[in-house]
Amino acid sequence: KRPVLAQWVVWTADVRGSETEMAFDSDGSALFEHNSPGYAADSKSNGTAEALGLLGRESNVPRIYQAAQTYRGVARELLGRKDPDAVPRDVMHRVVSTQQERFYGCLSLPGNLVFFLLFSVAVILHEDITNTYMIESGLRTHLSEGAEEMNDRAGIWNWLESSLMPKLFAQTDPLGLPYASKTEWSRVLTYNQLVGPAVIAQQRSNRVWCNDGEGVSGDMYCYDQFTRSNAEFGSQDVLTIAAPTSSEYAGGTSTIAERRAYWDSAFKVQNSRRLARTIRPEFDIMLPRVQKEDNFVVAIHPNTPYNLTEQHLNYVKQREWLDAHTKLVNIRALLVNAEVGRPRLQMFSFNIAFSRGGGLFTYVKMNTIFLKSFPDVATIVVDILFCTHLFIIFVVELYRLGRSVGRREARRHMRKGWTILQALTIIGGVCVIAGYCYEFTLRDGVRRAFEQVAATQLQDNPADTSNNGISLIEEADNMNEYMGNFRIVTGLYCLLCMVRFFTSFSAQPRLAVVTTTLEVSAFDIVHFLIVLAPTWLAYALAGCFIFGRRMEEFATLDASIGYCFKLMIEGEYDWPYYAEENYFTTMFWMWTFMVLLNLIMLNLVLAIILDVYGSIRRETGKSETAWLTLWRMLTLWRMLQLYRRRVWVRSAQLLEALPNMPDEIKEEDLLATFPNMCKEQLHILMEACYFQVSMDDMAAADGQRAMKMALSCKLAIDQVATTVKALHEGTIETGGDDKPGSEWVKKLAGEMAEQNHLMMKLQSKLKMVEKQWEIILEKEAEEQEENNE
């Protein structure tokens with residue numbers, strides 16, 4: 001075998017010349033390739049050595065023979081086809097299987113669309129995103145106005161006294177006239193009213209020796225922001241408090257001792273719910289972290305006269321409620337709005353983080369809590385339809401699992417991508433439904449607390465002895481924390497529904513080009529990202545070193561990585577802002593970044609995708625368009641009518657009958673097997689088979705595949721020649737009893753004649769391809785000359 005294989009590999013170099021030298025694996029893929037610039041000149045001299053190197057491994061012998069046999073079969077099928085009106089049986093099997101998959105895939109497309117729309121509409125109706133944005137944006141801007149001017153503790157007190165408190169505790173109308181009733185107090189932007197107290201809470205750190213009392217800073221005190229203090233604090237000065245009067249509250253009068261105790265409670269620790277998240281996430285490691293307990297709270301109730309509110313703020317200010325120990329201040333207030341859609345509570349949360357490097361960092365956050373679960377009957381109907389659709393998916397998948405268990409293919413069925421996707425869809429849908437049910441439970445708790453607070457506020461009890469509204473804020477905090485996480489779940493489930501669309505698109509030939517392109521190019525993109533990652537990280541680190549001391553975008557490594565991604569995608573930057581310092585270093589960093597990442601790397605991704613898309617698009621040819629598929633889906637009732645009349649044969653029946661049919665199938669063979677098959681189905685099936693045959697012929701006419709078929713036939717002829725030579729020389733052992741040699745000689749001669757006939761046909765086809773290629777080259781040369789002229 002080895003001399004014949006060596007001759008075949010050497011003949012490869014002789015025939016292809018300067019082209020790529022290639023051997024074939026068992027599936028027709030390349031075993032090795034070589035296409036270096038200097039390879040063509042030395043191909044003949046090094047052909048034998050490379051052939052022996054290839055044949056040095058014993059495992060390559062059967063692999064090469066198997067690949068040659070595969071392509072010889074393709075050549076025999078291509079050149080030995082006799083009847084142009086008949087189609088090979090394996091082609092019809094592929095066509096029927098594809099039509100079956102496409103039929104169920106196209107049927108799943110409207111189902112997936114309906115499922116996605118039901119989920120999206122249900123979430124939109126529950127969240128009421130547009131109205132929520134309209135309310136939250138106005139409140140966020142109005143209540144946080146002036147906060148950007150704060151830079152120290154005095155600035156905080158000034159902002160509270162001059163901006164936030166007058167807005168939260170407004171007790172006069174827009175004309176400056178006092179309201180006649182306390183029920184009109186504390187309205188913000190006319191339509192939002194404060195419910196419960198406005199809570200100002202702080203967290204404090206301990207004072208310790210710097211660096212544990214060692215080193216150059218060992219004799220200095222530090223306020224470690226990662227420690228927390230629960231010790232009572234405040235100035236020991238006894239400040240004067242105005243005596244309570246009966247006109248302050250209609251529900252009673254407190255004593256001066258009760259008021260002093262109420263105001264002094266701000267200097268004693270109180271366990272409360274966790275505060276909101278502070279500043280940018282990437283600065284959490286540098287700024288104080290929020291804690292669940294050890295909070296010092298100032299609570300100001302909306303039924304308190306504003307002059308008394310001012311005295312309360314001034315009291316805690318004079319007693320130094322904010323000092324060097326303070327590391328985090330959180331201001332929370334609940335406002336009710338019943339003007340837009342469902343009644344809702346707006347949680348305003350404003351955080352002030354004290355950096356131990358000096359300066360303040362602020363972060364404002366708004367959350368909406370609906371007091372009513374369903375806005376109207378339509379929301380209930382959509383929820384029921386979504387649950388019903390999810391239950392149908394569960395029943396169908398359970399039925400398919402039962403069938404696979406009956407056929408003992410349960411493990412194979414569970415490993416299918418579609419099965420895994422359906423399982424994730426069912427599990428995710430159940431989690432979403434359970435999440436909304438739990439949200440309804442939390443909402444009931446918030447609503448009960450709100451009704452209690454509203455009823456208590458009507459009694460107008462003194463704030464000095466009232467703890468009204470604290471439980472409402474805690475319930476609202478619980479629900480806001482849960483809803484923030486649950487929104488992530490609903491967003492991820494929406495992306496999962498998008499993946500279901502991709503699986504349905506793969507059933508339509510033209511749409512499958514896009515999905516297949518993404519699937520095939522994913523491997524190259526992953527390898528590309530391996531190259532991109534260190535380059536990207538290096539520029540992020542360099543940007544952090546160069547710009548991090550003066551630019552917030554590069555102040556931390558994760559912020560620098562995110563901003564470099566933004567620069568790479570957008571390609572836009574503020575040159576004067578970057579070049580304020582280190583002009584030439586900035587120029588080198590920015591220019592090389594734009595050329596390497598924005599121009600080269602980013603376009604490489606597009607080149608990978610476009611190259612894969614072009615090759616896949618050529619393979620599909622003139623396939624069925626999406627509009628034709630849509631039309632056939634709209635006329636699906638016609639096929640169902642034909643099926644009911646038992647003139648439309650199912651794909652499963654066709655697949656079962658194909659093994660018993662001839663190798664080349666014509667319309668008469670189908671009608672003989674299925675006498676009741678309608679002409680419409682027969683026409684569709686045969687047209688699809690003819691199209692597939694033409695696509696296979698085009699693929700076989702490709703230059704590389706044609707060369708592979710020629711080499712496989714050459715190998716077979718060499719084997720025959722070697723056998724005939726051995727017979728002539730008498731060096732072959734036939735085995736068995738001695739018999740007249742005429743029969744096997746005739747058989748051998750017939751095989752040789754058939755091989756020669758195939759080679760002549762293949763040679764003629766190769767000449768035709770060569771002529772067509774020469775014509776194409778001539779046309780390109782003429783066009784180039786015309787362009788040059």
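Rules of the game
- Residues numbered from 1 in each chain as written.
- Predicted model: local features only at pLDDT ≥ 70, side-chain atom pairs only at ≥ 80, totals over all residues.
- Heavy atoms only, no water.
- Phe/Tyr/Trp six-rings, centres within 6.5 Å; stacked < 30°, edge-to-face > 60°.
- Helix = DSSP H or I, 4+ residues; strand = E, 2+ residues; numbered from the N terminus.
- Buried < 20%, exposed > 50% of the residue type's maximum accessible area, 1.4 Å probe, protein only.
- Lys NZ or Arg CZ within 6 Å of the ring centre and 35° of its normal.
- pLDDT = per-residue confidence, 0-100.
- Contact = heavy atoms within 4.5 Å.
- Pairing = 2+ DSSP bridges.

Participant: Sorry if this is basic, but what is going on with the packing of aromatic side chains here?
Facilitator: A ring pair, where both rings are aromatic, is described by two values, the distance of the centres and the angle of the planes. A complete count under the given rule lists 29 aromatic pairs for this structure. Ring centres of W159 and F350 lie 4.8 Å apart, and the angle between their planes is 35°; this geometry places the pair in the tilted category. With W159 in helix α6 (residues 153-168) and F350 in strand β10 (residues 344-354), this pair connects stretches of sequence that are 191 residues apart. Using a relative accessible area of 2% as the deciding quantity, one classes F350 as buried. Consider the rings of F554 and Y563, whose centres lie 5.3 Å apart with planes at 75°: the pair is edge-to-face. Of the two residues examined, F554 and Y563, each falls in the buried class. What links up through ring pairs into an aromatic cluster is the set Y539, F547, F554, Y563, Y573, Y577, Y578, W589 and F593. Across the ring face of Y221, the terminal group of R207 is positioned such that the distance to the ring centre comes to 4.0 Å.

Participant: Explanation requested: the confidence of the model for the protein chain in the structure shown.
Facilitator: Parts of the prediction with low pLDDT should not have their coordinates interpreted in detail. Of the residues in the protein chain, 76% have a pLDDT of 70 or more, and the chain-wide mean is 78. Confidence drops under pLDDT 50 across residues 272-285; counting only partners more than four residues distant or on other chains, this segment forms 50 contacts. Confidence drops under a pLDDT of 50 for residues 736-742, and excluding neighbours within four residues, the segment shows 0 contacts in the predicted structure.

Participant: So what exactly am I meant to see when it comes to the pairing of strand β8 (residues 296-300) here?
Facilitator: In summary, the side chains of a regular strand alternate between the two faces of the sheet. In terms of burial, β8 is a largely internal element, 5 of the 5 residues being buried. Neither face of β8 is open: one carries F296, V298 and I300, the other V297 and A299, and all of them are buried.

Participant: Where do I start with the pairing of β10 in this structure?
Facilitator: The element β10 is largely enclosed, with a buried count of 11 among its 11 residues. The side-chain alternation of β10 yields two buried faces, one formed by R344, Q346, F348, F350, I352 and F354 and the other by L345, M347, S349, N351 and A353. Examined bridge by bridge, strand β9 (residues 326-337) and β10 share 10 bridges and lie antiparallel to one another. Across the sheet, N330 pairs through a bridge with N351, a residue of β10. By the bridge criterion, 11 bridges tie β10 to strand β11 (residues 360-370) in an arrangement that is antiparallel. Of the residues in β11, the one forming a bridge with I352 is T362. Linking two consecutive strands that pair antiparallel, namely β10 and β11, is a turn of 5 residues; a positive phi of about 100° is found at G358 within it.

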